[in-house]
Amino acid sequence: MQLRLSSRLIIGVSLIVGLMLSLFIWNNAKLTLDSQKEQLKQYIDDQADILSIALESGLAQNDQLLLDEIIQRLQNNPNIIYAVVYDNQKKVKASFNLKKHQHSHSFDSQTLINKGSVDLNLVIQKNGKHLGEVHLGYSIKNLIKKTRATKILNIAIAIVGLLITILLTALLSFYITRGLRWLEAGARAMEKNDLQFRIPLNSNDEIGNVARSFNALAEHLQQASIKLKSEHNVLESEKRRMETLLNSVNAVVLEIDPISKDFLFVSQEAKKLLGYACEQWLTPGFWEKHLHPDDRDWVVSTINEQLTETGSFSLDYRLRHRSGEYIWIRSIHSLGYDNSQKLHYRGLFLNITQEKKSEQRILYLANHDSLTGLHNRNHFQDQLAHQINYAARFKLEGSLLFIDLDQFKYINDTLGHQSGDKCLISAAQALQSSLREVDFIGRLGGDEFGIILPRTSKEGAQKVAENLLDNLAKQTLFPDKLNITLSASIGITLFPAHGASPSELLARADAAMYTAKRNGRNQAHVYSDEDKELLNMQTKIHWESRIRHALDNDRFILHYQPIVDLRTNHIAHYEALLRMQDEDGSLIYPSEFLEIAERFGLISDIDKWVLNKSIQVQGETRRGREPVTLAVNLSGRHFGNTEFVQLVKDALKKYDADPHALIFEVTETAAVENFAQAKSFIESLRNLGCRFALDDFGMGYSSFQYLKNLPVDMVKIDGNFVRNLHQNHDDRVIVKAMCELARGMHINTVAEFVENEEIRILLQEFGIDYGQGFHIAHPTAHFIQTAMTG
């Protein structure tokens, strides 16, 4: 506004100066006109004197010709309108345009302007004697034109001068206010947050100083703005990163009001957890409304107790999903005060529903058989110990039934493991349906079952056994194939009469069962001291104890037998073979204890030991100079066991072993009989990087049919086809066919039982890839550097 007023003041002053200048030019034009009139008058006077002299002689001598000649000449003058010469008697001596003379006027400014002519009377005298007069009408039109032209010129000059004045005034105003306008533009730019604007003034006056100060301020603000923008971008990036992290965490990040227990903030995962939008979580009372009724009181009470002190705590409880189903969550919280001593209650919600289900499943599997759903051997033995102690304490009697299915091995061998599983399930259901609620049934291993009958005498046990056999006989299996009827042999022992410990009681019940089986099967037998099977069972119990001792005291070891590349004679890998060390240091081979371990439910623990030890050894050699590849035997019982796959993963990670240096060997029979589970199991381990070999290849009746569908890397030709290869033509034909088949399917071949040089040479000729046997190298407790042949 101040700048605008200053500009207007300067323009006003300039216009006044311009008007004064115009007035000055106008007055100057008027003076110029008066000067022209004077000049004209002087000119006419001069012309009159000349004319008087010329007419003086003609009037004096009355020379008419001379007078006419003079008049004629005057008539030729364009500026002379009329001319009349009078003598001293007022008689016209000569003239032209006499009528115009009669309308002439005196010489004044009005005539000059309005009529364009002037009347001039000249008296002609000579020596003081009046000779006459001459009247002239003198035209001043040219003078008027010149005067008007002069006026126009002066007006134009005045206008131009005024315009120039205005222009100069504007330029002066522009120049004088230039600094102020730059300052105003700078102020407007700053108002619009245009901090890049600079005032281009370098003068040393006050405006220049203000401009420099403005530029310095703008530069400072611009740098501050750039810094703030950079910090803002960093904060925005950090915010987006944190939001991404929060939303990618598989947990609900939250903040809770410590007083109302209402949510103040929840991350996007909240919608996935309960199915409610985040906004719904923030409504008052949401948390308590969705607590499980059984959990509400103790959870709220526990949290209120925790709110009295800072720190962290966690709780597991249930919240209701939008679908109405309750899910388990783990609530992990942290309590702390900020600088203003305000309590903050923050934490996480984790969905542990599957974990809880897994825990329940693990607890269930820890006590139950996964196939039949009955109690497993360990749980059964614990319950048996409890019942023995209870009976002894209260002077009661109880019975134990040891049941073994009569035809299970025949079903298993003839129809396969899947049919055997169906048989076991049907038997378990038939047995369980015959019992009281207080009775306790379990699967002891394989086709063996045990039943505890509390407060049951010998006669009561025999009657229960008869009912069990009748119910089993009603179960007809596989009517389209073999039409088998189930039967069993049952051994009966009484407690505490026949034993004070579970192992003793089970051993004697087992002996009684073998007596029933020897007496014709499908019957029950009560234990007596005359049972001849007792000695064998005592031996088995002894072996069970030795196996448990070996597991508990690390008495198992591995020996390694090289498997050699028959083309280069270099060791390709080793097969890990299990041995047990006796107390005297001698080695016990698997054939002596694996069957007993299977019978007493210890085989799974042995398998886990072999797996863990093999992976440990591979990891140790990997950290050494010469890492080795190991082949490890797996039982078909692990097919479909996800726990076993997890054990492999955990061991690989724990010992930093190379999965590509592990080859798992499974028997062909086990793989074919459990084909679907075997295929899935093999693929799971191969996805980790492990390889697979099909052991005892050629012994099954479906080898060639199933080989194309099993994802194995190599086949181990059964030793029965190899040990007599140099002597038996049929074996040579079979081995050669197996080799060609495997090669066509890009599967490597391994020949077992290479026991002489002739066999090794034949295998080389057939194109077998690898060989294994005593002729090549015996198993040892240590790795060897080269394979020994012939």
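Scroll up a little and you will see the structure.
Scope of this entry: the structure provided in the associated data block. From a predicted model like this one, the values you see are computed outputs, not experimental measurements. Per-chain numbering applies: the sequence of each chain, read as written, is numbered from 1 onward. Only residues with pLDDT of 70 or above have their local features reported here, since the model is predicted, and side-chain atom pairs are shown and tallied only from 80 upward, although totals for entire chains, interfaces and linings are computed over all residues. In computing side-chain values, all of the structure's heavy atoms are included and hydrogens and water are not.

## Quick notes on the overall build of the protein
Part 1: A tally of regular secondary structure across the protein gives 25 helices and 25 strands.
Part 2: Three exposure classes are used, based on accessible area relative to the maximum for each residue type with a 1.4 Å probe and protein chains only: buried under 20%, partly exposed in between, and exposed over 50%. Sorting the 790 residues of the protein into buried and exposed places 44% on the buried side.
Part 3: The contact criterion used throughout is that any non-hydrogen atoms of two residues lie within 4.5 Å. A separation of at least 24 residues holds for 60% of the contacts in the protein among residues at least 6 apart in sequence.
Part 4: Here the protein has roughly 43,400 Å² of accessible surface; of this, 52% comes from carbon and sulfur atoms. Secondary structure counts use DSSP, requiring at least four H or I residues in a row for a helix and at least two E residues in a row for a strand, with both numbered from the N terminus. Surface exposure here means Shrake-Rupley accessible area, sampled with a 1.4 Å probe, where a residue is shielded only by the protein chains that are shown.

## Remarks on the pairing of strand 5 (residues 252–256)
Part 1: For strand 5, the tally of buried residues reaches five of five residues, placing the bulk of the element in the interior.
Part 2: Alternating positions in strand 5 separate into two faces, Val252, Leu254 and Ile256 on one and Val253 and Glu255 on the other, with burial throughout.
Part 3: A strand pair is defined by DSSP finding two or more bridges across the two strands. Pairing of strand 5 with strand 9 (residues 343–351) involves five bridges; the strand directions are antiparallel. Bridging across to strand 9, Leu254 finds its partner in Gly347.
Part 4: As defined by bridge partners, strand 5 adjoins strand 6 (residues 263–266) across three bridges and the pair is classed as antiparallel. Looking across to strand 6, one finds that Glu255 is bridged to Phe265.
Part 5: Joining the antiparallel neighbours strand 5 and strand 6 is a turn of six residues, in which Lys261 adopts a positive phi near 65°.

## What about the pairing of strand 18 (residues 571–581)?
Part 1: Counting buried positions along strand 18 gives eight out of eleven residues, so the element sits mostly inside the fold.
Part 2: Note that strand 17 (residues 556–565) and strand 18 share nine bridges and pair antiparallel. Looking across to strand 18, one finds that Tyr560 is bridged to Ala576.
Part 3: Here strand 17 hands over to strand 18 after five residues, with Asn569 in that stretch at a positive phi of 65°.
Part 4: As defined by bridge partners, strand 18 adjoins strand 19 (residues 587–588) across two bridges and the pair is classed as antiparallel. Its bridge partner being in strand 19, Gln581 is matched across the sheet by Leu587.
Part 5: Hairpin connection from strand 18 to strand 19: five residues lie between these consecutive antiparallel strands, with Gly585 at a positive phi of about 95°.

## Some points on the side chain of Glu665
Part 1: Relative to the helices and strands, Glu665 resides in strand 21 (residues 662–667).
Part 2: Apart from the residues within four sequence positions on either side, Glu665 is in contact with Glu575, Ala631, Val632, Asn633, Leu634, Ala693, Asp695 and Lys716.

## Here's the deal with the packing of aromatic side chains
Part 1: Each pair of aromatic rings taken from Phe, Tyr and Trp, with Trp reduced to its six-membered ring, is defined by centres within 6.5 Å and is described as stacked if the planes are under 30 degrees apart, edge-to-face if over 60, and tilted in the remaining cases. Counted by the stated rule, this structure contains 17 aromatic pairs.
Part 2: Ring centres of Tyr276 and Phe286 lie 5.3 Å apart, and the angle between their planes is 85°; this geometry places the pair in the edge-to-face category. With Tyr276 in the loop between helix 7 (269–274) and helix 8 (278–281) and Phe286 in helix 9 (residues 286–289), the pair connects residues that are ten residues apart, well separated along the chain.
Part 3: One aromatic cluster is present, formed by Phe263, Tyr276, Trp281, Phe286 and Phe349 through successive ring pairs.
Part 4: Throughout this description, the term charge over a ring refers to an Arg CZ or Lys NZ atom that lies within 6 Å of the ring centre and within 35 degrees of the ring normal. Residue placement shows Lys356 over the ring face of Trp328; its charged tip is 4.8 Å from the ring centre.
Part 5: The aromatic ring of Phe753 is capped on one face by Arg723, whose charged end is 4.4 Å from the ring centroid.

## Details of the sheet that holds strand 4 (residues 129–139)
Part 1: With antiparallel pairing, four strands are arranged side by side in an open sheet as 2-1-4-3. In the strand order of this sheet, the two ends are held by strand 2 (92–96) and strand 3 (117–126), each with one partner. The average undirected angle you get between the axes of adjacent strands in this sheet is 10°.
Part 2: Bridge count for strand 1 (residues 80–87) against strand 2 is four bridges, and the pairing is antiparallel. What sits directly across from Val85, in strand 2, is Ala94.
Part 3: Angles shown run from 0 to 180 degrees and are taken between the N-to-C directions of axes, each axis being a line fitted to C-alpha atoms and, for helices, limited to the stretch in contact. Against the sheet, helix 2 (residues 64–76) touches strand 1, strand 2 and strand 4, its axis set at about 25° to strand 2.

## Here's the deal with the pattern of salt bridges
Pairs can form between side chains of opposite charge whenever their charged atoms are close.
Part 1: A side-chain nitrogen of Lys or Arg and a carboxyl oxygen of Asp or Glu constitute a salt bridge if their distance falls within 4 Å. Counted under the stated rule, the structure contains 23 salt bridges.
Part 2: A salt bridge links Asp369 to Arg443, with the nearest nitrogen and oxygen atoms 3.2 Å apart. Taken together, the residues Asp369 in the loop between helix 11 (353–367) and helix 12 (377–393) and Arg443 in strand 11 (residues 440–445) connect sequence positions 74 residues apart.
Part 3: Using a relative accessible area of 14% as the deciding quantity, one classes Asp369 as buried.
Part 4: Between Arg546 and Asp582 there is a salt bridge, with its nearest N and O atoms 3.0 Å apart.

## Observations regarding the packing of helix 12 against helix 16 (residues 502–518)
Part 1: Between helix 12 and helix 16, the least distance of the axes is 9 Å, while the angle of their chain directions is 105°. Accordingly, the angle class assigned to the pair helix 12 and helix 16 is roughly perpendicular. In this structure, helix 12 contributes Arg377, Phe380, Gln381, Leu384, Ala385 and Ile388 to the contact, and helix 16 contributes Pro502, Leu505 and Leu506.
Part 2: Classes in brief: Ala, Val, Leu, Ile, Met, Phe, Trp, Tyr, Cys and Pro nonpolar; Asp, Glu, Lys and Arg charged; the others, Gly included, polar. Split into classes, the residues belonging to the contact of helix 12 with helix 16 amount to seven nonpolar, one polar and one charged. The labels follow the angle: roughly parallel below 35 degrees, roughly antiparallel above 145, roughly perpendicular from 65 to 115, and oblique for the rest.

## Section: unusual backbone geometry
Part 1: Of note, the amide linkage connecting Phe495 to Pro496 takes the cis form, showing an omega dihedral of 5°.
Part 2: In this structure, Lys90 is a non-glycine residue whose phi angle is positive, near 65°.
Part 3: Position of Lys90 relative to the elements: it lies in the loop between strand 1 and strand 2.
Part 4: Residue class for Lys90 comes out exposed when judged on its relative accessible area of 53%.

## Structural notes on the environment of Asp45
Part 1: Looking at the secondary structure, you find Asp45 in helix 1 (residues 2–60).
Part 2: Taking the C-alpha atoms as reference points, Asp45 and Leu120, separated by 75 residues in sequence, lie 9.2 Å from one another.

## Details of the sheet that holds strand 11
Backbone hydrogen bonds hold the strands of a sheet together, and the pairing may be parallel or antiparallel.
Part 1: Spatial ordering of the open sheet is given by 11-12-10-15-16, a layout of five strands whose pairing is mixed. Taken across any chain shown, the strands that pair with only one partner, and hence form the sheet edges, are strand 11 and strand 16 (524–526). Averaged over all pairs of adjacent strands, the angle between strand axes in this sheet comes to 20°, irrespective of strand direction.
Part 2: Where strand 15 (residues 488–495) and strand 16 come together, three bridges link them in parallel fashion. Of the residues in strand 16, the one forming a bridge with Ile492 is Val526.
Part 3: Packing of helix 16 onto the sheet brings it into contact with strand 10 (398–405), strand 11, strand 15 and strand 16, and relative to strand 15 it is tilted by some 145°.

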